[in-house]
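# A structural walkthrough
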Amino acid sequence: MNRGFSQKSHTFLPKIFLRKMSSAGARDKPELQFPFFQDEATVAALHECKTLFILRGLPGSGKSTLAQAIVDKYRDGTKLVSADTYRITPGPRGPFSEEYKRLDEDLAAYCRRDVRVLVLDDTNHEPERLEQLFDLADQYQYQVLLVEPKTAWRLDCAQLKEKNQWQLSADDLKKLKPGLEKDYLPLYFGWFLTKKSSEALRKAGQVFLEELGSHKAFKKELRHFVSGDEPREKIDLLAYFGKRPPGALHCTTKFCNYGKAPGAEEYAQQDVVKKGYGKAFTLTISALFVTPKTVGARVELGEQELQLWPGDVDKLSPSDNLPRGSRAHITLGCAADVEAVQTGLDLLEIVRQEKGGSQGEEVGEFPRGKLLSLGSGRWVLSLAKKMEAKAIFTGYYGKGKAVPTHGSRRGGALQSCALL
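All values derive from a computational prediction rather than experimental measurement.

Rules behind the numbers
Residues numbered from 1 in each chain as written. Predicted model: local features only at pLDDT ≥ 70, side-chain atom pairs only at ≥ 80, totals over all residues. Heavy atoms only, no water. Helix = DSSP H or I, 4+ residues; strand = E, 2+ residues; numbered from the N terminus. Buried < 20%, exposed > 50% of the residue type's maximum accessible area, 1.4 Å probe, protein only. Contact = heavy atoms within 4.5 Å. Areas by Shrake-Rupley, 256 points an atom, 1.4 Å probe, with all protein chains shown as cover. Salt bridge = Lys/Arg side-chain N within 4 Å of Asp/Glu carboxyl O. Pairing = 2+ DSSP bridges. Core = buried A, V, L, I, M, F, W, Y, C linked by side-chain atoms within 4.5 Å. 1 Å grid on protein atoms, 1.4 Å probe; cavity = no way out; pocket = protein on both sides within 12 Å on 5 of 7 lines; lining within 4 Å. Points joined across faces, edges and corners; volume = space filled by probe spheres on them. Nonpolar A, V, L, I, M, F, W, Y, C, P; charged D, E, K, R; others polar. Phe/Tyr/Trp six-rings, centres within 6.5 Å; stacked < 30°, edge-to-face > 60°. Lys NZ or Arg CZ within 6 Å of the ring centre and 35° of its normal. Expected span 1.5 Å × (residues − 1). Arc of directions from axis to C-beta.

## Some words on the overall build of the protein
Counting its secondary structure elements, the protein contains 17 helices and 14 strands. Looking at the 420 residues of the protein, the share that counts as buried comes to 50%. Long-range contacts, defined here as pairs at least 24 residues apart, represent 72% of the contacts in the protein between residues at least 6 apart. Counting only carbon and sulfur atoms, one obtains 49% of the accessible surface of the protein, whose full area is about 20200 Å².

Next up, the structure:
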């Protein structure tokens, strides 16, 4: 950098560089070292998603600077919603119930308009408040990125007393601090596909189900999918697997149960997880598979992805010794009364069978590849050309229960189903 630049002009460099979609400014500023600034593949992928950036942090920690930098980076199709605009003083929400009501109404209005990048600037130190925001994200099918400033003084109340615009005392700040000292863990971490990749994979899955349902070899094995008193000539697999995930598809890495699951805290604290959070990855899909309970896509993890993969999830029994990443999958649908966790278990059964030497019987050729029958109602479409899917590594923070999902611009309810 030119040493002749003044300190005053230097303060404007990050904004200029961000507007040019360059990562140089982020490299120079430690507080802007996030994948969504530095990594151009991530920037491109986020342009294909609906993302709610939820900023958290104490007053004066650098949230507003970070929020504005996100807006400057993503520009068109971006909206900043700041608690400051509604004259909300950081602290308990009770005295500002009307102000928060207006803020939430405006935030929901932007969601209905399908604004691609929403940035919420507030302390967000209360779990109850975060849960409200996660419900909103579920309703309008936004992925969530929880972002905290990386400034050196972000938890130093003595320094923050001088920096915050609300003239809050060190004691006031200390009261807010407990809710921000610990990471808020999701229900699960995973790779969440962009809208374009989700639609392409969902379509491929639908075509596969239509072709499989009409195939003569499958019709001979209908007993695995229908009860004895039902007609056995044909089955509508799209209707059979009617429990389908709304919004973006995903590949789970670690089930955390908000920090209560074994190993959740340790997983979240790994450097590779922290650095990978909010970053884009390209997932490789090698096959589609169907069992009497689930339909899914088999994900082939590369070296980068395997670094984020837990070491204890590729087993059906303690004695199993399956290759790392064997369970990596994307749920495309489940039969009635079947939970999404079953998809990964079904895939492990298939991998275990393959490892035992049974690759299945080739019974047909589909446009996308070979159809294999593995018995017991298990079918695999081995893709002649593997699919690639862009995805963002983040967490799912919602309740994981049935939610009414909305058709954004039209505002009407589309469906109500569980997040898989």
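## Structural notes on the pattern of salt bridges
What the rule picks out here adds up to 16 salt bridges. Close ionic contact of K73 with E40 constitutes a salt bridge, the shortest N to O distance being 3.8 Å. Here the residue K73 occupies a position in helix α6 (residues 63-74), and E40 occupies one in helix α5 (residues 40-46), the gap between them amounting to 33 residues. On the accessibility criterion, E40 (35% relative accessible area) is partly exposed. In this structure, the salt-bridge partner of D183 is K274, at a minimum N-O distance of 2.9 Å. With D183 in the loop between α10 (170-176) and β5 (188-193) and K274 in helix α15 (residues 271-276), this pair connects stretches of sequence that are 91 residues apart.

## Looking at the pairing of strand β1 (residues 51-55)
The buried fraction of β1 amounts to five of the five residues, a majority that puts the element mostly inside the structure. Of the two faces of β1, the one carrying T51, F53 and L55 and the one carrying L52 and I54 are both buried. In the sheet, β1 pairs with strand β3 (residues 117-121) via five bridges, with the strands oriented parallel. Residue pairing in the sheet places F53 in a bridge with V119 of β3.

## Considerations on the nonpolar core
Core analysis: the biggest nonpolar cluster contains 99 residues, and F36, F53, W191, L201 and I330 have the highest contact counts within it. Take this core: its biggest share by element is eight residues, from strand β12 (residues 378-396). Residues A287, F289, L322 and L348 belong to the second largest nonpolar core, which totals 10 residues.

## Observations regarding the environment of D236
Within the secondary structure, D236 is located in the loop between α12 (216-219) and α13 (237-240). The spacing of D236 and L209 is 27 residues in sequence and 8.3 Å in space, taken between C-alpha atoms.

## Regarding empty space enclosed by the protein
Tallied over the entire structure, the rule returns two cavities of 30 Å³ or more. Around the largest cavity sit R202, G205, Q206, L209, L238, F241, R244, V295 and L332, which together line it. It is helix α11 (residues 195-214) that provides the largest number of residues to the lining of the largest cavity, a total of four residues. Residues belonging to the lining of the largest cavity are distributed by class as follows: five nonpolar, two polar and two charged.

## Section: the packing of aromatic side chains
Throughout the structure, instances matching the rule amount to 19 aromatic pairs. Its end group placed over the ring of W153, K163 keeps NZ or CZ at 4.2 Å from the ring centre. The residue whose ring lies beneath K279 is F281, and the NZ or CZ to ring-centre distance is 5.8 Å.

## Structural notes on unusual backbone geometry
A positive phi is found at N257, a non-glycine position, where the angle reads about 50°. Counting through the fold element by element, N257 comes out in the loop between β6 (250-255) and α14 (264-269). Accessibility expressed as a relative area gives 25% for N257, which makes it partly exposed.

## Here's the deal with α11
The terminal C-alpha atoms of α11 lie 29 Å apart, and with 20 residues this matches the ideal 28 Å at 1.5 Å per residue to within 8%. Those residues of α11 not exposed but buried are S197, S198, L201, A204, G205, F208, L209, L212 and G213. Considered in projection along α11, the buried side chains sweep an arc of 160° and stay on one side of the axis. In this structure, α11 carries K195, K196 and K203 as exposed residues pointing more than 90 degrees from its buried face.

## Some points on the pairing of strand β7 (residues 280-290)
Among the 11 residues of β7, 10 are classified as buried, and the element is accordingly described as predominantly covered. When β7 meets strand β8 (residues 294-300), the two strands line up antiparallel, connected through six bridges. Across the sheet, the residue bridging to F289 is G296, located in β8. Here β7 folds back onto β8 in antiparallel fashion, the turn holding three residues.

## A short note on the side chain of S373
Counting through the fold element by element, S373 comes out in strand β11 (residues 369-375). Of the residues examined, S373 reaches a relative accessible area of 16% and is grouped as buried.

## Looking at helix α7 (residues 97-112)
Its 16 residues give α7 an end-to-end C-alpha distance of 22 Å, which sits within 8% of 22 Å, the value for a rise of 1.5 Å per residue. Among all positions of α7, only E99, Y100, L103, L107, A108, Y110 and C111 are buried. Buried residues in α7, looked at end-on, bunch into an arc of 165°, giving them a common side. The inward-facing, buried residues of α7 abut β1, β2 (78-82), β3 and α8 (127-139).

## Some remarks on the environment of L201
In this fold, L201 is placed in helix α11. Here L201 falls in the buried class, since its relative accessible area comes to 1%. On a C-alpha basis, the gap between L201 and I285 in space is 9.1 Å, while along the polypeptide they are 84 residues apart. When sequence neighbours within four positions are dropped, the list of residues in contact with L201 reads L193, L249, I285, L288, A297, I330, L332 and M387.

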